[in-house]
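A closer look at the structure
Okay, here's what each chain looks like letter by letter:
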Amino acid sequence: MQSSAATAVPSDNARARAIYDLGHSTIFAARSDPRFSYCMYVPPHIDSARHPVELVVVMHGTGRAFVEYRDAFAEFARWNDCIVLCPLFPVGVLGDGNRDGFKQLREGEIRYDHVLQDMVAEVGEKFGRRFERFGLFGYSGGGQFVNRYALLHPETLWAVSIGAPGSVTLLDPEQDWWVGVRDAQARFGKAVDAEALSKVAVHMIVGKADLETWEITHREGGKFHMPGANSAGRTRPERLESLRRSFEAAGVHAVLDLVDNVPHDGLKCVPLVQDFLAATLRRLRNE
C-alpha cells in the first residue's frame, strides 16, 4: 500500500501547476541564461483548447513593464487560445548600467535574439508544444527590438507588431547597421531575407501625439550616433513611416496605425495590436 505522501504527489504537482504555471504565472529564470527572466499568461483551459495553442511574445520597453504587458494581454490570450510570453531583459546586465543593450540584439557576448528563441523553446517544452513560429509585439525600446528581430529572423514569425520605436533600422541595403542592413551578415552571421519577411503579417503602431524628441535624437558623441542616425525623421511617427516605406520598397507590406490623441503610451495602443493579432490568427487558422 502506498503512503499518503506518495499518493499526494500527483495532485500536489497539479495544484502547483495551476497556481504557478497557468493563468498569470510566476516569474521564471531562463534556463539557458538565468540573468534573464520571463512571465506568462497561459489559458487555464490549455489542455482542452478549441484551437491548437499559439504563442505571442510581448517585449517590454526601457521601463521593463513586462508584468503590466502580460496582464494587458491576459484576456486576449484566454479568448484566442494563446500563451503570452513576456521576457525581462534587465538594465545593466554587464554591470555598466546600460538600459539599451537588448534593443540592438547584441550586448557584449549576449545575443538577445538567441536568448528569446531559447525562452520560446523552453515554454514550448513546458507545455508539450513546438512553437516554430510565433507572434511578436514590442513598444518603444521593445519596438526597436522587434524591428531588428523581424529583420534577422522572419522565418520564426507569423506576425510582428512594431510599436513606436525611437530609432528604426530601415530595410535599406545601402546603409550599415543599425541604420540599415547592409552589413547584417558580417555582424550577425545572417543576411536579411526580405522575401521571408514578406510572408509575415507586419503591423506598425504609434500615437499621433507621440512627438517628444529629447530621448530619440542622436547627438554627436552618443553611443548610437552614426551617419544617418536621425535621417528617418525627427519624431517617432515620422520614423515609423520611414520604416514602413523601406519595407514596402523591399516588397514587404506593412499596415501602419496612427492612433489619435495618444502620446508615448504603449498600453493605450494594446487594443489595436490585439485586433491585428486576432485577425492574423483567424487567417492562420483558416476561420
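Just above sits the structure.
**Some thoughts on the environment of Ala229**
Checked against the element boundaries, Ala229 lands in the loop between strand S10 (201–207) and helix H8 (236–249). Accessibility expressed as a relative area gives 6% for Ala229, which makes it buried. As a C-alpha pair, Ala229 and Thr169 span 60 residues in sequence and 9.4 Å in three-dimensional space.

**Concerning the layout of surface pockets**
Taken as a whole, the largest pocket holds about 580 Å³ of empty space. Of all elements in the fold, only helix H5 (141–152) and helix H9 (266–284) reach the threshold of two or more residues within the lining of the largest pocket. It is H5 that contributes the most residues to the lining of the largest pocket, three residues altogether. Residues belonging to the lining of the largest pocket are distributed by class as follows: seven nonpolar, 15 polar and ten charged. The calculated volume of the second largest pocket comes to roughly 160 Å³. Gln117, Val120, Ala121, Gly124, Glu125, Arg129, Arg130, Phe131, Glu132, Phe134, Tyr149 and Thr156 are the residues that line the second largest pocket. Per-element accounting of the lining of the second largest pocket gives the leading share, five residues, to helix H4 (residues 112–126). Of the residues assigned to the lining of the second largest pocket, the class counts are five nonpolar, three polar and four charged.

**Quick word on the packing of H4 against H5**
The interhelical angle for the contact between H4 and H5, taken along N-to-C directions, is 80°, at an axis separation of 11 Å. The angle between H4 and H5 places the two elements in the roughly perpendicular class. Contacts between H4 and H5 involve Tyr112, Asp113, Leu116 and Gln117 on the former and, on the latter, Phe145, Tyr149 and Leu152.

Calculation rules
- Residues numbered from 1 in each chain as written.
- Predicted model: local features only at pLDDT ≥ 70, side-chain atom pairs only at ≥ 80, totals over all residues.
- Heavy atoms only, no water.
- Helix = DSSP H or I, 4+ residues; strand = E, 2+ residues; numbered from the N terminus.
- Buried < 20%, exposed > 50% of the residue type's maximum accessible area, 1.4 Å probe, protein only.
- 1 Å grid on protein atoms, 1.4 Å probe; cavity = no way out; pocket = protein on both sides within 12 Å on 5 of 7 lines; lining within 4 Å.
- Points joined across faces, edges and corners; volume = space filled by probe spheres on them.
- Nonpolar A, V, L, I, M, F, W, Y, C, P; charged D, E, K, R; others polar.
- Axes fitted to C-alpha atoms, helices over the stretch in contact; angles between N-to-C directions.
- Parallel < 35°, antiparallel > 145°, perpendicular 65-115°, else oblique.
- Contact = heavy atoms within 4.5 Å.

It is worth stressing that arrangement in space is one thing and function is another; only the former is reported here.
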